[in-house]
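# Analysis of the macromolecular model
Below, each chain spelled out in residue letters.
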Amino acid sequence: VLTMLPQEARQIEIADSKRFCDDLIGREIQGFAYPHGSFDAETQAAVRGVGVSFACSTKQQFVPKGYSEFFALPRLQAMNWTGEEFERILLQG
């Protein structure tokens, strides 16, 4: 859990993780998911500092229209839905 780490260790963990993912896929990643969904202002700043465009929490909801907190995005857990079920869920949001 990043928020439980001292600030310097948190920054190292975030930067090393991004670098690992960049190397793994052969290009720069654009997003970040907070481990266990836990974040605070210092964690958000550290994530912004590694150059990603957005970060996701584990808050279960659709992204509301006009939402501008790109480093605190909610998300939905994708289940083993049929195409029709997935479409219905997306239309509800």
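Structure report, in brief.

Rules of the game
- Residues numbered from 1 in each chain as written.
- Predicted model: local features only at pLDDT ≥ 70, side-chain atom pairs only at ≥ 80, totals over all residues.
- Heavy atoms only, no water.
- Helix = DSSP H or I, 4+ residues; strand = E, 2+ residues; numbered from the N terminus.
- Axes fitted to C-alpha atoms, helices over the stretch in contact; angles between N-to-C directions.
- Left-handed = near helix turned anticlockwise from the far one by under 90°.
- Contact = heavy atoms within 4.5 Å.
- Nonpolar A, V, L, I, M, F, W, Y, C, P; charged D, E, K, R; others polar.
- Phe/Tyr/Trp six-rings, centres within 6.5 Å; stacked < 30°, edge-to-face > 60°.
- Buried < 20%, exposed > 50% of the residue type's maximum accessible area, 1.4 Å probe, protein only.

## Quick look at unusual backbone geometry
Look at His 36: it is not a glycine, yet its phi comes out positive at around 65 degrees. As for its position among the elements, His 36 is in the loop between β1 (31-33) and α2 (41-49).

## Description of the packing of helix α1 (residues 7-25) against α2
Running from N to C, α1 and α2 point in directions that differ by 40 degrees, and their axes come no closer than 9 Å. Crossing of α1 against α2: the hand is right-handed. Here α1 contributes Gln 7, Arg 10, Gln 11 and Ile 14 to the contact with α2, which in turn contributes Glu 42, Thr 43, Ala 46 and Val 47. Tallied by class, residues from the contact of α1 with α2 come to three nonpolar, three polar and two charged.

## Some words on the packing of aromatic side chains
Under the counting rule described, the total for this entry stands at three aromatic pairs. Between Phe 32 and Tyr 34, the aromatic rings sit 5.6 Å apart at their centres with planes inclined by 70 degrees, giving edge-to-face as the arrangement. A ring pair is formed by Tyr 34 and Phe 39, whose centres lie 4.5 Å apart and whose planes are at 20 degrees; its orientation type is stacked. Judged by its relative accessible area of 28%, Phe 39 is partly exposed. Each residue in the set Phe 32, Tyr 34 and Phe 39 is aromatic and connected to the rest through ring pairs, giving one cluster.

As far as function goes, none of this settles anything; it's purely spatial.
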